[in-house]
Amino acid sequence: MNKLTVSPSPHIKSSQTTKKIMWTVVIALIPVGMAGVYIFGISSLNVMVFSVLSCIFTEALFLKFRNRDPRAVLDGSAILTGLLLAYNLPPSTPFWIPVIGGAVSIILGKQIFGGLGQNIFNPALVGRAFLQISWPVYMTTWKNPRWWPDAISSATPLAKEAGPHFTYMDLFLGNRAGCIGEVCVIALIIGALFLLVTKIISLHIPLSFIGTVGIITWIFGKDGFFKGDFIFNILAGGIILGAFFMATDYVTSPLTKKGKIIFGIGCGVLTAIIRLRGSYPEGVCYSILFMNAAVPIIDRFTKTKKYGLIKK
Amino acid sequence: MASVNFIHPPDFKDIAKNKKIEQAPIPKRAILPLSQHTGAPSEPVVNAGDSVKTGSLIAQAKGFISANLHSSVSGKVLAIEESPHPGLGISKAIIIESDGQDIKASLDSVPVKDVSTLSKEEIAALIKEAGIVGLGGAAFPAFVKLNPPPAKKIDTFIINGAECEPFLTCDHRLMLERPKEIILGVQLMAKVLGVKDVIIGVEENKIDAAERLNSSIFVLKPSLGGQSLNLKVKILKTQYPQGGEKQLIKMLLNREVPSGGLPLDIGVVVNNVQTVFAVYEAVYLKKPLYERVITVSGSFSNMAKNILVRIGAPIKDVLDYCGLNQKTGLYKVIMGGPMTGVAQCDLNAPVIKGTSGILILDKKFRLKEEELECIRCSRCIEACPVGLMPCAIGLSVKKDKFDLAASYDPFDCIDCGSCSYVCPSKIPLAQLVKLAKVKIKRQ
């Protein structure tokens, strides 16, 4: 008689795995990366490669220190963190910036909390925030698209002193200075659609995030109430990247649909406040980090509605 | 009101759904556990050495929630001893050696007369005497369900023909092949309950069965006290676990059974189609419950069958009949469906009243993905049919925080396994929730 295997039910499981999810997001980020390289040139690719390699190396090192299976480095999460960090950096930044950023993302953003699934803050944004505070000049030296006459620009469209006027089409296609992964909205939308179709993400966070920024910047416009250029505000910064790819990070966002909507609105309000009143032109990174911290409390107050809780 | 979540696993029903029900051979030896229903184990009324007929009472219900047990073969009682049990591992059973004659005994508590003249008390007595339990899987004594406390007014009787577990097709075949008997059984049970509104819920992957039932309803024009029954077949989308009693009620009536309560709290009684068929046989044919239809399916499609098998037949006998080749890559044998069934380690365990199928799986069904940490993707939350947060319960259990686990209501879990099914990190959430229930109860 053959030996029989015994295990608890269910005896069939869905083919979806955590690894597949991570790699699907990596695939969804490819068009954005290609756009970044096309727009800013090969320096974008350098930043991406250094960032990803730094994340993988640091992750492998820490898995070894923690006596974990180092093969876990291939679960896709470190590569994803590296890509997302690179997409949040200026294309002209020196190589050691993404290297340090990647290491900080993995160490302070992920491994010290216990690794995959345990972190409170989005690792890539932890890295970016660290770099922003440590080397503000490198983090705000922007490069113009390859086809512009001046290579170096001093401002993204969001900066209050921004010189040239941008058409919506410029912003949509990425004909502007900015971080590698935030400028080409059309590529971001292609990636986001892919994630929606494959059901990796839902619209709860992105819609509430983007919608909130849109409404607030429309109400509190430069030229008076209800006159704000909300389309510009949505397209010009890192909101599309942040709302679809950063704020939707499973580990650092709420569990329930209700919680996700609250989280998205919170991100939107904070982003709008930082943009309208802060000294810093962009607020996506910090608003997501702030809301990450609020996730446990959001989860506590947004439990699901249970079957059978009816008044007799 | 909460919305109900479902999942859509592959249904694997094509393997067995076209196999006509056939009679399995009578086992040489029947192992009849005293505990094969919800409630107290029944009490033996025979001793080793006694002669019994097929259908003789061998153990009687002990207490209100319990059921009679009848011999499934004619022959001699060999022993009453600890024996393999498909769900409990080992439990006390009456072992009967068949004489190969299959001499039948009938139910005799009610005088033989025309069925239409039977009172509802007489019908109920026959159902009780026949030892009928819910044949959908939970094996709750049918008599108890048909005797709600007087304070509970029952207005709707639901017949569960959803058969949402993948692979299983026994209910499907029974509805196709014995629709008239099922409708006659429905009529009897509606009479006992005094209910006019009856709904048969059938998933759309069994639309042919729904049509057969509808034509039988048309031909028989089932009635109750002279008036026709309001008996409808409702087609449901195919989704899991819609055959769960509470989920089925929600989908058919949009009513929710209160947490911790029973369907009769909201005026509903639910019974499986096979249970209804057993009621028909008990009342019309005076036949106790000693056999049932099960599906044999799995990796080896040439073994797939729907068979009428005697309760107590060892799994091994059933599989041998289906042509189990010892050399095939047998990997797992499951009693029941793939979502909630129990993997067997001893093929001497018998088919019991609650057995709906036996699955034989090969290595292709090996779950080779390693368990990873929870990434809070919330797929389990979106899959849970009772609106729980399985990951929250599971993580609390892993950290030994049972108070925290209790705050997420694990006792509302119906053990459907959907959370484990969808988890991309392959965390055995259903098992962790079960553990939470056990540990919290002990505290």
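Before reading further, recall that the structure is shown in the block above.
Scope of this entry: the structure provided in the associated data block.

## Focus on helix 1 (residues 120-129) of chain B
All names here are of chain B.
Here is step 1: Of all the residues in helix 1, the buried ones are Ile123, Ala124, Leu126, Ile127, Lys128 and Glu129.
Here is step 2: In this structure, the buried side of helix 1 is in contact with helix 2 (142-145), helix 4 (179-193) and helix 7 (273-285).
Here is step 3: In the stretch just after helix 1, Gly131 is the one whose phi turns positive, near 70°.

## Side note on unusual backbone geometry
Here is step 1: Geometrically, the link from Ser9 of chain A to Pro10 of chain A is a cis peptide bond, its omega value of -5° lying close to zero.
Here is step 2: Topologically, Pro10 of chain A is positioned in the segment before helix 1 (18-28).
Here is step 3: For the bond running from Tyr240 of chain B to Pro241 of chain B, omega is 0°, close enough to zero to count as cis.
Here is step 4: Tracing the backbone shows Pro241 of chain B in the loop between strand 13 (230-236) and helix 6 (245-253).
Here is step 5: Of note, the phi angle at Lys199 of chain A is positive, near 60°, even though the residue is not glycine.
Here is step 6: Mapped onto the fold, Lys199 of chain A is located in the loop between helix 9 (185-197) and helix 10 (204-219).
Here is step 7: Even without being glycine, Asp415 of chain B reaches a positive phi, approximately 60°.
Here is step 8: By secondary structure assignment, the location of Asp415 of chain B is in the loop between helix 11 (402-406) and helix 12 (418-422).
Here is step 9: Classification of Asp415 of chain B as partly exposed rests on a count of 15 C-beta atoms within 10 Å.

## As for helix 10 (residues 390-398) of chain B
Residue and element names in this part refer to chain B.
Here is step 1: Buried residues dominate helix 10, accounting for 8 of its 9 residues.
Here is step 2: Every buried residue of helix 10 is accounted for by Pro390, Cys391, Ala392, Ile393, Gly394, Leu395, Ser396 and Val397.
Here is step 3: Looking at the buried residues of helix 10, the elements they touch are helix 9 (379-383), helix 11, helix 12 and helix 13 (429-442).
Here is step 4: Once helix 10 finishes, Asp400 follows within two positions and takes phi at roughly 60°, a positive value.

Parameters and conventions
- Residues numbered from 1 in each chain as written.
- Chains lettered and ligands numbered in written order.
- Predicted model: local features only at pLDDT ≥ 70, side-chain atom pairs only at ≥ 80, totals over all residues.
- Buried ≥ 20, exposed ≤ 12 C-beta atoms within 10 Å, placed from the backbone.
- Helix = DSSP H or I, 4+ residues; strand = E, 2+ residues; numbered from the N terminus.
- Contact = placed C-beta atoms within 7 Å.

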